[in-house]
Amino acid sequence: MIDMFANPEMLIATAISNAWKAGVRHPIALANAGIVCAERTAVQGHLSGRFEMLV
């Protein structure tokens, strides 16, 4: 899955977009969807170093 994304920003934007399509409308909940996606991806070792240091 991570190979589909040229950069981590696109991964997070896609997570937020998917949450929006699922009916999530609260800004904090949308941000959380992006954060959770980034954390899970970083734990798996797929994000660049600048994002891994944030987790």
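The model shown is predicted, which means the values in this text are computed figures rather than measured ones.

Before going further, it helps to examine the overall build of the protein chain. Counting its regular elements, the protein chain contains three helices and zero strands. Each helix (α) and strand (β) of the protein chain, taken in turn from the N terminus, gives the series α-α-α. Counting across all 55 residues of the protein chain, residues that qualify as buried make up 25%. A fraction of 36% describes how many contacts in the protein chain between residues 6 or more apart in sequence connect residues 24 or more apart. For the protein chain, the computed accessible surface area is about 4000 Å², with 62% contributed by carbon and sulfur atoms.

On to the environment of Ile35, then. Positionally, Ile35 belongs in helix α2 (residues 27-43). Classification of Ile35 by relative accessible area gives partly exposed; the value is 45%. Through-space distance from the C-alpha of Ile35 to that of Ile12 is 7.4 Å; in sequence the pair is 23 residues apart.

Now for the side chain of Thr41. Here Thr41 lies in helix α2. Within the local environment of Thr41, its side chain forms a polar contact with the backbone oxygen of Cys37, the two atoms lying 2.8 Å apart.

Let's shift gears to helix α1 (residues 8-21). In an α-helix there are 3.6 residues to a turn, and that puts residues three or four apart on one side. Given a rise of 1.5 Å per residue, 14 residues ought to cover 20 Å, and the 20 Å separating the end C-alpha atoms of α1 matches this to within 8%. Those residues of α1 not exposed but buried are Pro8, Leu11, Ile12, Ala15 and Ala19. Each buried residue of α1 sits inside an arc of 95° when the element is viewed along its axis, so together they form one side.

Turning to the environment of Val36, a few remarks are in order. Topologically, Val36 is positioned in helix α2. Once the C-alpha coordinates of Val36 and Ala15 are considered, the two residues, 21 residues apart in sequence, prove to be 8.9 Å apart.

Confidence in the prediction of the protein chain, expressed as mean pLDDT, is 79, and 69% of residues score 70 or more. Summarising per-element confidence for the protein chain, the mean pLDDT is lowest in helix α3 (residues 49-52) (54) and highest in α1 (91).

Reading the values: rules and limits
Residues numbered from 1 in each chain as written. Predicted model: local features only at pLDDT ≥ 70, side-chain atom pairs only at ≥ 80, totals over all residues. Heavy atoms only, no water. Helix = DSSP H or I, 4+ residues; strand = E, 2+ residues; numbered from the N terminus. Buried < 20%, exposed > 50% of the residue type's maximum accessible area, 1.4 Å probe, protein only. Contact = heavy atoms within 4.5 Å. Areas by Shrake-Rupley, 256 points an atom, 1.4 Å probe, with all protein chains shown as cover. Polar contact = N/O pair within 3.5 Å; in protein donor to acceptor, adjacent residues only side chain to side chain. Expected span 1.5 Å × (residues − 1). Arc of directions from axis to C-beta. pLDDT = per-residue confidence, 0-100.

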